[in-house]
Structure formats: structure tokens, C-alpha cells
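One-letter residues, chain by chain:
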Amino acid sequence: MKFGVKIPPVIPGKIASTLFGPAPVGRDRAIGLSERLAAVSSLQSSLEYLTQRRDIEKGGMNDWEVARQYLAGAGPLTRRLVDGVSGVRTTTALHVARSAVALGMLLPGESTWRGAGNIFLGTSSALLSPRHHYGGDGSDQVATLVQLATGAARLAPSPAAKDALLWYAALQANMAYAVSGWVKLFGKPWRDASALGGVMRTRTYGHDGMFRWTQEHPKTAKVLTHGVLALECSFPLLYALGGKPTRAMITSAAAFHVANGYFMGLGRFVTAFPAFHPLVAYTSTPRSHPAVAGRDDRAVPAALAALAGGALAAGVTAVRRRLRATEGWHTSRTLTTRHGNRLQYEEYAPGDAGQPVVVLASGLLSTSEHYAWIAERLCYETRYGVIAYARAGYAGSRRGATTAFRLSESVHDLVDLVNGAVAPHRKVILVGHSIGGELARRAARQLGDRLQGIVYLDSSHPGQFADGLGPVEKGLAGNLTAVGRALRLGTGILLTRPTWITELPYAYRKKVFAQYADARMWEAARREWKAVRTDFRSFTGALARIEGVPALVVSAQRTVDRAPEQLLLHRELAQAHVGAHTETVIIEGATHESMLITSRYAHQVTDRIIAFFDDRSPASARVARPVTRKGATR
């Protein structure tokens, strides 16, 4: 006799259809579920801010007198609107109102007034986001998007308009998951599955128990990490497969967000991102299903057409910016170095034959145009020759070297530039900012008596990573890689012009922005940064002595205020110059970048350079000329 339970063959089929099948939900129910989940996130967010009011008061983490600086580049209307709601009393009143409305949104009902409630929650969240610069996260943005879409859908007069809005939010959900997954995929820590343990060991988002589990069960942790990648990267496939994976996908995604809430303390994520899921379920259900009968899907081809148009526009924009970034100025020239690198350089002015030539070396991820204020003043107010150049990979300079990149390659390029672009009988003044200063210091030993002097502008020092001095910024190489890859995919069209570019002379801004949006520059910066870290970490002992070469060391006040040890390193640069005049100065109020790109600081730097070398030139270098900015004619 055999004992057992015979499972009817229909049961596995039902289980499979339950786990792997569409999640049919009607339009009104999808709107209701999504708006309630988003309302829970808004309620939690406002209650958190109300219980932490000290953060928005004077001296708090979100003191508006300090936080308003982040709106410096916004339009006047935006600044007025945000300023209007950013007083402590107004902010508090808004969060009280948001809490009341969010509670009301949790009540049953399908009234059109719910649309007004959603719109209020979404718009107030957007207005308050600059006010809570520290403490906001992606969940606030997701809730805002869902509330604006569902609120507008509640108020829309036609089913077609409602469906278009729901499709918009659902497509945003797919983009959010897919982009997050593919960006992670570019990062090595996610591919080798070390990212999960790395996050769990941090102070901000970590969880000690979960971190220990990842170390004790590395294989399971790897499966979990790769599972998250697979989920996010393949999320849009649920539409391509007719909605069959919908239940499994949104269930897995919801579990992922619950885990984020528990282990990482991201409580708002538990309801914010799942607020997308009812809309995804509605739009991914086949139209043949009764639950979505009459759904208008014209938003999909419209979105695909817009995507194609955007891709075309991105391509055209990328080509135009690449041409602008690489074509140089009318005074630009090229020179090929011993490594086969083709350097583009600009001779601002030839200067008098008996006067030295100033050669300007820029910093990491900086263009030669960063020197515009300094270069133009030297060009028009002295008899010096002035040359600025772009390192291999920047602007129109190309790297032809086939060997692994080392800093010595850039040093050789600088030496070859001096020997090839400057007449043999003329002296040279090397001016280097950041890593450009270190390149100038190393080039000094090869240029010998050709040097009139060196100017170090907030220069790097090979010992700055020793004994924990200065942030090593381990993640910088990864960030440079991610931005470079994103730009190669055509996302440069989405870049907004950084506010610091407006500090440069007007005629230079378009070219600098074109270079900033060029993937080649970011790739070159990543290559240089990796070489800098490797090189500097191997540094031991004292700097090599430089005999008989005057040195001016200029530090930015904000740099030495943030890391006082940096001032000692800058003094070491001056002390390395033996048997010659040296001077160290600090530009009050300047930052590492603003000492070049902000006119008032750049003029102070230029005054220091001119004064330092005036008495050391073969003849007086100063000349009284009418100052007509070269950049004004460009």
C-alpha cells in the first residue's frame, strides 16, 4: 500500500500563473493604491521634519541663510517662490498642512478633491526640497512624481488623458530601475559583489549584523547582489514579455525596498517606490484583459518617438560640442611629443624676445581656459610671452602613447612643449595649478637653466596622501568613469552649465562647457587620477632639491582652512628651492578653483606673479598698455 497525497495537475499551473503572470488592476484602483502609498511617504517625511525642527532653525543643518546658496544659479521666480516658503514658521505650517492632507488621502473615496490633495502634496514637496537640502532623498522625488501624475489624472477630463499620465509615471518607474541597475553594472564593486558588504559597513547606511552576514556567507551575498542587478536591469522586460513577469518583478522590488528600509534606515523607500507598482501593473496588463479594457496606449509610441528624437538631438549636440572642444582658437597650434602625444597649445602673446615665456599648466579635470583671467592680464600688461596648453586627452590634444599612463609621461610632454614651442634662447616661467604644479616641479630638473622660476598655485604635493593627510577620495576614479561612460551614451545634452563657468570671461564659457561635456576629458582625468594615487602613495622622504630656481607658492585660504596640513606641504615646496628667492602667500577667501576662475582672486594671483618676477627679469617686464581683453574678440 502506498501512502501520499496526489497533487492535481492543475495546482502547479495555478501557482505558476500566480507567481508569473500579469497583475491586473483597473485604472481607478491603480490611482487609489499609488496615491495612498505616496501619501504614507509624505506623511512620514513631514512628521520627521516636524520632530527635527532644530535642523531648520538658525545654526541648524538646514539653516536657510546658509542653504539658500544652492539656489544661486536658479531663476529669480524660483528663488522668490522657495524663499517665500523657507521661513521657519512657514516651513512648519506647510509640514503641518501636508501631514493633515496626507492623512486625508489615506481615507476611502474616489472624489476629484483627492486630485487637489495630490497636487498640493507634490508641489509643496518640490518647493520644500531646497529647504531640506540635507535630509532629503530619492523617495521624496518619487513620491512627488507619483502625486503630480495621479493628481493630474484625477482632474483630467478624459480617460485618454488619464492613461497618458499613468503611462508617464509607469515609464518613469522603468527608467528609475533600469538606469539604477545599469549604472551599478558599470561599477566593479557591484560586478564582483563587494558592494553589498561595503554599504553595510558604512556609518550612514550600514548595518553591523548584515555586514557580518555578507562576510560569513560570501556566495549567498554574491547571489543576492547579482539578483538585485538582474532585477533592476531587466525591469522593463515585463512589458516585452506581455506582463507575465509583473507579479514576480514588483513583489521582488517591494521586498528589496522593505530590506532597504530595515537594514539601511531608508524608511520612506518602503512605500515611495512601491507607489509606482500599481501603475506598472495597470500599464503592463495585456489590453485583452477585462480589468484594463479601453486603456489608451498611445503614450507608448509617443514616448518612443520622443526618445528617438532625443537620441538624435543628443547625438547632434555631442558632435557640435566635440567640434567646439577640439577645434582650438585661431591662435592655437600643435606639437607632437616624444610619446607620440599631440598637444594643442595657444600662444596668447609672443612677448618681447628678451623676456621669459610663461607656460601655464592646468589641474585635474581643468581646462587651459581656467587661466583666462591670468593669461589675459599677463598678455596685455607685461612683455612676457604667454602659452597655455591642454594635456593629452583634453580639448584638442590627443594621446598617442601606447604604454600604461604614468605621471612621467605628462612631465615629458611639458618639457617637450617648452623645448618645441619656446625659442631656445628664452627663459621660461612655469605656472602650475593643482597637479599642474607638481608637473612643473618635476619638469624643473629636466629644464635646468632654462627656468626663470616656478609658480605653484594651490599645488599638489606627492606627500599629501601620507599619514592620512588630505582626503584620498577613493571613489573619485569611479565617479570619473561613470560620468565619462554616461557622456559617451549621449547624456551630455542633459547637462546644465555649472555655475562656476559664469565666473570666467564671457568669450570662454561656451568652449569650457563643451570641454566639460566631452567624455574624453573625463576619461583623461580618470587616467591621471589613478596615476596620481599610485605615484603619490609610493612617495617617501623629502622633495628633491631644485637649485637656483626662484619659486612663488600661492595657497587658497579655503584649502588651508579645510586642511591646515596643506600649508605645511606648500611650505615644503618653497623650501625645496635652494639658493634662490622664494615666497609663500595666501589668497584670502579663495578656494582651490576660484583662485583661477573668479576675477578678483585671479587678479590678486596675477599681481603676485608680476611683482615676484619684476625684479628678476633681464629688463623691466612691466609695460603700460591699454587693456583690451583678448577674450572680447573671440
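Since the structure is predicted, the reported quantities are computational estimates derived from the model, not experimental observations.

Cut-offs used in this document
- Residues numbered from 1 in each chain as written.
- Predicted model: local features only at pLDDT ≥ 70, side-chain atom pairs only at ≥ 80, totals over all residues.
- Heavy atoms only, no water.
- Helix = DSSP H or I, 4+ residues; strand = E, 2+ residues; numbered from the N terminus.
- Contact = heavy atoms within 4.5 Å.
- Areas by Shrake-Rupley, 256 points an atom, 1.4 Å probe, with all protein chains shown as cover.
- Lys, Arg positive; Asp, Glu negative; His and termini not counted.
- Charge placed at Lys NZ, Arg CZ, Asp CG, Glu CD.
- Phe/Tyr/Trp six-rings, centres within 6.5 Å; stacked < 30°, edge-to-face > 60°.
- Buried < 20%, exposed > 50% of the residue type's maximum accessible area, 1.4 Å probe, protein only.
- Axes fitted to C-alpha atoms, helices over the stretch in contact; angles between N-to-C directions.
- Parallel < 35°, antiparallel > 145°, perpendicular 65-115°, else oblique.
- Left-handed = near helix turned anticlockwise from the far one by under 90°.
- Nonpolar A, V, L, I, M, F, W, Y, C, P; charged D, E, K, R; others polar.
- Salt bridge = Lys/Arg side-chain N within 4 Å of Asp/Glu carboxyl O.
- Patch = residues over 30% accessible without salt bridge, like charges linked within 9 Å, V, L, I, M, F, W, Y side chains within 5 Å.
- Pairing = 2+ DSSP bridges.

*Asks:* Any chance you could explain the overall build of the chain here in plain terms?
*Replies:* Of the regular secondary structure elements, the chain holds 27 helices and 10 strands. Counting only C-alpha atoms, the chain reaches 105 × 70 × 45 Å along its principal axes. Across the chain, contacts joining residues at least 24 apart in sequence account for 78% of those joining residues at least 6 apart. Here the chain displays about 30,200 Å² of accessible surface, and carbon together with sulfur accounts for 59% of that area. Seen as two clouds, the 76 positive and the 48 negative side-chain charges of the chain have centres 7 Å apart.

*Asks:* Whenever I open this one, the packing of aromatic side chains confuses me. Can you help?
*Replies:* Two numbers describe a pair of aromatic rings. These are the distance of the centres and the angle of the planes. Throughout the structure, instances matching the rule amount to 11 aromatic pairs. Taking the centre distance of 6.3 Å and the plane angle of 55° together, the rings of tyrosine 177 and phenylalanine 273 count as tilted. Of the two residues, tyrosine 177 is situated in helix H8 (residues 159-186) and phenylalanine 273 in the loop between helix H15 (269-272) and helix H16 (277-284); the sequence distance between them amounts to 96 residues. In this structure, tyrosine 177 and phenylalanine 273 share a single accessibility class: buried.

*Asks:* Would you take a moment to explain the environment of threonine 540 for this structure?
*Replies:* Examined against the element boundaries, threonine 540 turns out to sit in the loop between helix H23 (519-537) and strand S7 (546-547). In the structure, threonine 540 is positioned 77 residues away from glycine 463 in sequence and 7.5 Å away in space, judged by C-alpha atoms.

*Asks:* Please explain the packing of helix H6 (residues 113-128) against helix H7 (residues 138-155) as it appears in this structure.
*Replies:* Each pair of packed helices can be summarised by the angle the axes make with each other and by the distance between the axes. With their axes 7 Å apart at the nearest point, H6 and H7 run at an angle of 150° to one another. Our classification of the angle between H6 and H7 gives roughly antiparallel. In this structure, H6 crosses over H7, and the sense of that crossing is left-handed. Listed contacts from H7 to Arg114, Gly115, Ala116, Asn118, Ile119, Leu121, Gly122, Thr123, Ser125 and Ala126 of H6 are Asp140, Thr144, Gln147, Leu148, Thr150, Gly151, Ala152, Arg154 and Leu155. Residue composition of the contact of H6 with H7, grouped by class: seven nonpolar, nine polar and three charged.

*Asks:* How do you make sense of the pattern of salt bridges when you look at a structure like this?
*Replies:* Close approach of charged atoms allows side chains with opposite charge to pair. Per the stated rule, a full pass over the model turns up 27 salt bridges. The residue arginine 377 makes a salt bridge to glutamate 381 at a minimum N-O spacing of 3.1 Å. Here glutamate 381 and arginine 377 lie together in helix H18 (residues 372-381), a separation of four residues that amounts to about one turn. Of the two residues examined, arginine 377 and glutamate 381, each falls in the buried class. For aspartate 518, the salt bridge is made with arginine 520, and the minimal N-O distance between the two is 3.5 Å.

*Asks:* What is the right way to read a nonpolar patch on the surface from this model?
*Replies:* Side chains of Val40, Leu103 and Leu106 sit close together on the surface and give an oily, nonpolar patch of about 220 Å² of accessible area. Under the relative-accessibility criterion, leucine 106 is labelled partly exposed at 34%.

*Asks:* Explanation requested: the packing of H8 against helix H12 (residues 218-233) in the structure shown.
*Replies:* One way to put it is that H8 packs onto H12 with a least axis distance of 7 Å and a crossing angle of 135°. As judged from the angle between their axes, H8 and H12 are oblique. Two packed elements cross with a definite hand, and for H8 against H12 that hand is left-handed. Contact with H8, carried on its side by Tyr177, Ala178, Ser180, Gly181, Trp182, Lys184 and Leu185, involves Leu229, Glu232 and Cys233 of H12 and no other residues of that element.

*Asks:* What am I meant to see in the sheet that holds strand S6 (residues 451-457) here?
*Replies:* Sheet architecture is open: eight strands sit in the order S1-S2-S4-S3-S5-S6-S8-S10, paired in mixed fashion. Across the chains shown, the open sheet's two edge strands, defined by having one partner strand only, are strand S1 (332-336) and strand S10 (582-587). Along the sheet, successive strands turn relative to each other by an average axial angle of 20°, direction set aside. Sheet topology note: the S6/strand S8 (residues 551-556) ladder contains four bridges and is parallel. Opposite valine 455, over in S8, you have leucine 552 as the bridge partner. Across the sheet, helix H20 (residues 435-447) lies against strand S3 (357-361), strand S5 (428-433) and S6, angled at about 150° from S5, the strand it touches most.

*Asks:* In this structure, what is going on with the environment of valine 280? I would like to understand it.
*Replies:* Secondary-structure assignment places valine 280 in helix H16. In sequence terms valine 280 and histidine 257 are 23 residues apart; their C-alpha atoms lie 16 Å from each other. Every residue in contact with valine 280, bar those within four places of it in the chain, is listed here: Ala170, Ala173, Phe235, Leu238, Tyr239 and Ile250.

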